Amino acid sequence: MSSKAAASARALFFCTAIFSGMVMPLHAQTATDTAKQLPTTRNELQLSFAPLVKQTAGAVVNVYAAHEVQTRSPFAGDPFFEQFFGSGQFNAPPRVQSSLGSGVITDPSGIIVTNNHVIRDADTVKVALSDGREFDSKVLLKDESTDLAILKIDAGEPLPSLGLGDSDKVEVGDLVLAIGNPFGVGQTVTSGIVSAQARTRVGISDFDFFIQTDAAINPGNSGGALIGMDGKLIGINTAIFSRSGGSVGIGFAIPANMVRAVVETAKGGADRFERPYIGATFQNVTPDVAEGLGMKQPYGALVTNITKGSPAEKSGLLVGDVVLTVDDVRIENPDGLGYRLTTAGIGKAVKLGVLSRATEKTVTVSLEKPRADSPDNQLMIGGKNPLSGALVLKLTPSSATRLQLPADTDGVAVDKVTRNSPAARIGLRPGDIIRGVNGVEIQTIAELSKAMSSDPSLWRFEFERGGAIIRQIIR
């Protein structure tokens, strides 16, 4: 952003996006280059996307999500008024909130990919096919960090589906189609090109590695398809930059290679997507850091911490090293590194090109499954207190990584928050670290449990979120 005015004027809308892989070298013409040609004749300018649309549009669906919101009495939670009116006497009937988005059938058996924000907190999710049929769906997996969700419907017959392309082969300038249901008007197709690849620092989700496109994307396109000219899915549209809420030609999509990793996890029976654990934390290489390390360009991921006994330590990676490549693919920043490790998958081993003590070397790192958190290190908070409904845990390197926190973070953090619970109402989020309760510093589950067993008339909390301390006082 160039100014505070621009930052306030431009809002990020979840709508749809586009996706791309790594930029191919510009120094040589490849076989891919020779297969892509500009139109040179009148007949070529009259070519149509219609055959491609007929081939792919049947695999793009509409997703309708709804959930009930309980309207609470204005006296609920107030000890004085509850003496006379009770806590539930004035509760109104629940209101139904709904959201509209799109989805893509990626398997003929009825596996559908959409955005997590489309179905977040939904009680029911319905899917409408392009032929008008509607089905109730089962949510197989939801992942907030990637903003992806996997649904399953049973149509009783094979359904039209889109194959997943290799998003790493997408190039800036490639023609693409975006298919979705903008503003609920019905299935709509727009065309454009890939505007940028490996777009980071977008701020859409914890996962930050997107394809950018100028194909028109609007509210309701979220979860829709970004399709290449070979008819394969190269991205799931997820968001746009806009001042008005409408398309201005800056859309973002989650790359198909990331989508593939989440889909395979859901097919394997897991209800949660886990990123590989290597036990290291990273930060951007700034121009000053690059100059100090003798690098000609500021790129890569600087190692800031390594957990003892982790795969990173076993590989020989050291604090102060800079990861330059993963399996010979250049890494621009920590987000790009995270994308490469995640799409490689748990159980694999990758080769990291590293600048270590002014010398370039290669190390091999195993991508392990995050260690399960011990039940003894978890606590579901109940009772009549502001944190009731929060599942908290003692942080370990693996749980910290899962919650998108530095691996060396210590303390007690929120893992999940029950919808409509007191904890949800005060704004508690997964990843929040509880630092203090009523003046007592919290480091362990036992300390938190003891602090929450009291019954004060006034609660004072300190939470850490994104490196900042949030203080709340609740009666």
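Data block above holds the structure.
Parameters and conventions
- Within every chain, residues take consecutive numbers counted from 1 along the sequence as written.
- In keeping with the model being predicted, local features are shown solely for residues with a pLDDT of at least 70 and side-chain atom pairs are shown and tallied solely at 80 or more, while totals for entire chains, interfaces and linings include all residues.
- Note that water and hydrogens are dropped before the side-chain values are worked out from all heavy atoms of the structure.
- Only DSSP runs of H or I with at least four residues qualify as helices, and only runs of E with at least two residues qualify as strands; both kinds are numbered from the N terminus onward.
- Three labels apply to residues, based on accessible area from a 1.4 Å probe with only protein chains included: buried if under 20% of the type maximum, exposed if over 50%, partly exposed otherwise in between.
- Should any heavy atoms of two residues lie within 4.5 Å, those residues are counted as being in contact.
- Residue burial considers only the protein chains on display, and all accessible areas are found by Shrake-Rupley using a 1.4 Å probe.
- Ring pairs are drawn from Phe, Tyr and Trp, using the six-membered ring of Trp, whenever the two centres fall within 6.5 Å, and their geometry is named by plane angle: stacked under 30 degrees, edge-to-face over 60, tilted for the rest.
- Here, a charge over a ring is recorded when the distance from Lys NZ or Arg CZ to the ring centre is within 6 Å and its angle to the ring normal is within 35 degrees.
- We count a salt bridge whenever a side-chain nitrogen from Lys or Arg sits within 4 Å of a carboxyl oxygen from Asp or Glu.
- When DSSP finds two or more bridges between two strands, those strands count as paired.
- Joining through side-chain atoms within 4.5 Å is the link that ties buried Ala, Val, Leu, Ile, Met, Phe, Trp, Tyr and Cys residues into a set, and such a set is a nonpolar core.

## Looking at the overall build of the protein chain
- Regarding its fold elements, the protein chain presents 13 helices and 27 strands.
- Taken over 475 residues, the protein chain has a buried fraction of 46%.
- Here the analysis covers contacts within the protein chain between residues at least 6 apart in sequence; of these, 63% occur between residues at least 24 apart.
- Accessible area of the protein chain: about 23300 Å², with a carbon and sulfur share of 52%.

## A closer look at the packing of aromatic side chains
- Here the structure, examined in full by the defined rule, presents 4 aromatic pairs.
- Arranged with centres 6.3 Å apart and planes meeting at 70 degrees, the rings of Phe210 and Phe252 form a pair that is edge-to-face. Here the residue Phe210 occupies a position in strand 11 (residues 210–213), and Phe252 occupies one in strand 14 (residues 251–255), the gap between them amounting to 42 residues. Neither Phe210 nor Phe252 differs from the other in exposure class; each is buried.
- Arranged with centres 5.7 Å apart and planes meeting at 10 degrees, the rings of Phe461 and Phe463 form a pair that is stacked. Neither Phe461 nor Phe463 differs from the other in exposure class; each is buried.
- These aromatic residues form a ring-pair network of at least three members: Trp459, Phe461 and Phe463.
- Taking the ring centre of Tyr299 as reference, the NZ or CZ of Arg330 above it sits at 3.8 Å.

## Section: the pattern of salt bridges
- All chains considered together, the criterion is met by 14 salt bridges.
- A salt bridge links Arg419 to Asp123; its shortest N-O distance comes to 2.6 Å. Pair noted here: Arg419 is in the loop between strand 23 (412–417) and helix 12 (422–425) and Asp123 is in the loop between helix 6 (116–119) and strand 5 (124–128), with a separation of 296 residues, a long-range link.
- Looking at Arg419, the relative accessible area reads 34%, which means it is partly exposed.
- Its relative accessible area of 42% is what places Asp123 among the partly exposed residues.
- Arg330 is the partner of Glu332 in a salt bridge, and the nearest nitrogen-oxygen pair spans 2.8 Å.

## Concerning the pairing of strand 11
- Burial along strand 11 is two-sided: Phe210 and Gln212 facing one way and Ile211 and Thr213 facing the other are all buried.
- The pairing of strand 10 (residues 188–199) with strand 11 spans 3 bridges and is antiparallel. The partner of Arg199 across the bridge, within strand 11, is Phe210.
- Sheet topology note: the strand 11/strand 14 ladder contains 3 bridges and is antiparallel. Pairing of Gln212 across the sheet is with Phe252, part of strand 14.

## Overview of the nonpolar core
- Among the nonpolar cores identified, the biggest contains 43 residues, and Ile119, Leu129, Leu148 and Ile150 are the most heavily contacted of them.
- Ranked by residue count, the leading element in this core is helix 7 (residues 256–267), at 6 residues.
- Setting aside residues up to four positions removed in sequence, Ile119 forms contacts with Val63, Ala65, Thr114, Val125, Val139, Lys142, Ala149 and Leu151.

## Section: unusual backbone geometry
- Positive phi is not limited to glycine here, since Asp327 has a value of about 50 degrees.
- Position of Asp327 relative to the elements: it lies in the loop between strand 17 (322–326) and strand 18 (329–330).
- Classification of Asp327 as partly exposed rests on a relative accessible area of 42%.
- Positive phi values are uncommon outside glycine, yet Ala358 reaches one of about 70 degrees.
- Relative to the helices and strands, Ala358 resides in the loop between strand 19 (349–356) and strand 20 (359–366).
- Note on Ala358: relative accessible area 69%, which makes it exposed.

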